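Coordinate analysis (summary)
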Amino acid sequence: MRGMYAVEAVKKGETLLFVPDHLLLSLQRGLETPLGKIMTEKRLVPGGYRLNAPTMAVLAISNLQEISLGDASPFANHYIVQPGVEDFPVYFTEKERAYLTGSPFLDYVDTEIEDIRYDYALIARDIPEFGEKYSLDDYKRAKMLVISRNFGVTMKGIETNL
């Protein structure tokens, strides 16, 4: 289980956990990467001009770029301990999907699969070097990693996602 639990009373305003900015892979940081800048130039982001999930796309691509750096990435240890995403519903076989027959969740899963395909195709079309380096499956894995672990915060007065 993820989270923080207090074993004693916490005072209002007390710092429980501090993570330096340089160790956070935020939306703003993602937009400053080479691919993030191209995404902005091509009007893929901000604001979702053309993508179904622009924030998640930037974070997924930022993660892909960092993962491709291997040990040179300041986030290398983070990626080593990340669990896989292969058990997420977007990877279910037809047999596994059959268990969801009649569930509105299956519609959500199908929409997510289509959004991933659509966003990947649009990004790869507008940024050919992205499509040459990363496959649809790479993008899908990165997006699943992001949507299952991201959260919104306010940093220095700016709302962002991590």
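Scroll up for the structure.
Throughout what follows, the structure given in this document is the object of discussion. Just so we're clear, the structure is a prediction, and the values are computed from it rather than from any experiment. (Residues numbered from 1 in each chain as written. Predicted model: local features only at pLDDT ≥ 70, side-chain atom pairs only at ≥ 80, totals over all residues. Heavy atoms only, no water.)

1. Things to note about unusual backbone geometry
- Although it is not a glycine, arginine 43 sits at a positive phi angle of roughly 60 degrees.
- Looking at where arginine 43 falls in the secondary structure, it is placed in the loop between α2 (34–41) and α3 (54–68). (Helix = DSSP H or I, 4+ residues; strand = E, 2+ residues; numbered from the N terminus.)

2. Some points on the pattern of salt bridges
- Using the criterion set out here, one finds eight salt bridges in the structure.
- Glutamate 86 is the partner of arginine 141 in a salt bridge, and the nearest nitrogen-oxygen pair spans 2.4 Å. Of this pair, arginine 141 sits in helix α8 (residues 136–147) while glutamate 86 sits in the loop between α4 (76–81) and α5 (94–98), and the two are 55 residues apart along the sequence.
- Taking the relative accessible area as the measure of exposure, arginine 141 reaches 30% and is therefore partly exposed. (Salt bridge = Lys/Arg side-chain N within 4 Å of Asp/Glu carboxyl O. Buried < 20%, exposed > 50% of the residue type's maximum accessible area, 1.4 Å probe, protein only.)

3. So, the nonpolar core
- Core analysis: the biggest nonpolar cluster contains 36 residues, and Met39, Leu51, Ile123, Phe130 and Tyr139 have the highest contact counts within it.
- What tyrosine 139 contacts, discounting residues up to four positions off in sequence, is Ala57, Ala60, Ile61, Leu64, Ile116, Asp119, Tyr120, Ile123 and Phe130. (Core = buried A, V, L, I, M, F, W, Y, C linked by side-chain atoms within 4.5 Å. Contact = heavy atoms within 4.5 Å.)

4. Details of helix α6 (residues 104–126)
- Taking 1.5 Å of rise per residue, 23 residues should cover 33 Å, and α6 covers 33 Å from first to last C-alpha, within 8% of that figure.
- For α6, every residue scored as buried is listed here: Leu106, Val109, Glu112, Ile113, Ile116, Asp119, Tyr120, Leu122, Ile123, Ala124 and Asp126.
- Buried residues along α6 sit against α2, α3, α5, α7 (128–133) and α8.
- Between the side-chain oxygen at the start of α6 and the backbone nitrogen of phenylalanine 105 there is a gap of 3.0 Å, and the oxygen is on serine 103. (Expected span 1.5 Å × (residues − 1). Polar contact = N/O pair within 3.5 Å; in protein donor to acceptor, adjacent residues only side chain to side chain.)

5. Let's talk about the side chain of glutamate 112
- Mapped onto the fold, glutamate 112 is located in helix α6.
- Those residues within four positions of glutamate 112 in sequence are excluded, and the remaining contacts are Val90, Lys143, Met144 and Ile147.

6. Concerning the layout of surface pockets
- A volume near 810 Å³ is recorded for the largest pocket.
- Forming the walls of the largest pocket are 24 residues, and the residues nearest its centre are Leu24, His78, Arg149, Phe151 and Leu162.
- Broken down by element, the residue count for the lining of the largest pocket peaks at three residues, all from strand β1 (residues 152–155).
- Residues belonging to the lining of the largest pocket are distributed by class as follows: 15 nonpolar, six polar and three charged. (1 Å grid on protein atoms, 1.4 Å probe; cavity = no way out; pocket = protein on both sides within 12 Å on 5 of 7 lines; lining within 4 Å. Points joined across faces, edges and corners; volume = space filled by probe spheres on them. Nonpolar A, V, L, I, M, F, W, Y, C, P; charged D, E, K, R; others polar.)

7. Brief notes about the packing of α3 against α8
- Between α3 and α8, the least distance of the axes is 8 Å, while the angle of their chain directions is 110 degrees. Taken together, the axis directions place α3 and α8 in an arrangement best described as roughly perpendicular. Regarding α3 and α8, the two cross each other, and that crossing is right-handed. Here Met56, Ala57, Leu59, Ala60, Ile61, Asn63 and Leu64 of α3 lie close against α8, whose contacting residues are Asp138, Tyr139, Ala142, Lys143, Leu145, Val146 and Ile147.
- Taken together, the residues of the contact of α3 with α8 break down into eleven nonpolar, one polar and two charged. (Axes fitted to C-alpha atoms, helices over the stretch in contact; angles between N-to-C directions. Parallel < 35°, antiparallel > 145°, perpendicular 65-115°, else oblique. Left-handed = near helix turned anticlockwise from the far one by under 90°.)

8. With respect to α3
- The terminal C-alpha atoms of α3, which comprises 15 residues, lie 21 Å apart, in line with the 21 Å expected from a rise of 1.5 Å per residue.
- Among the 15 residues in α3, twelve count as buried, and that is most of the element.
- Burial in α3 covers these residues: Pro54, Met56, Ala57, Val58, Leu59, Ala60, Ile61, Ser62, Asn63, Leu64, Gln65 and Glu66.

9. Details of the environment of methionine 39
- You can see methionine 39 is positioned in helix α2.
- Classification of methionine 39 by relative accessible area gives buried; the value is 1%.
- Sequence separation between methionine 39 and alanine 124 is 85 residues, and the spatial gap between their C-alpha atoms is 11 Å.

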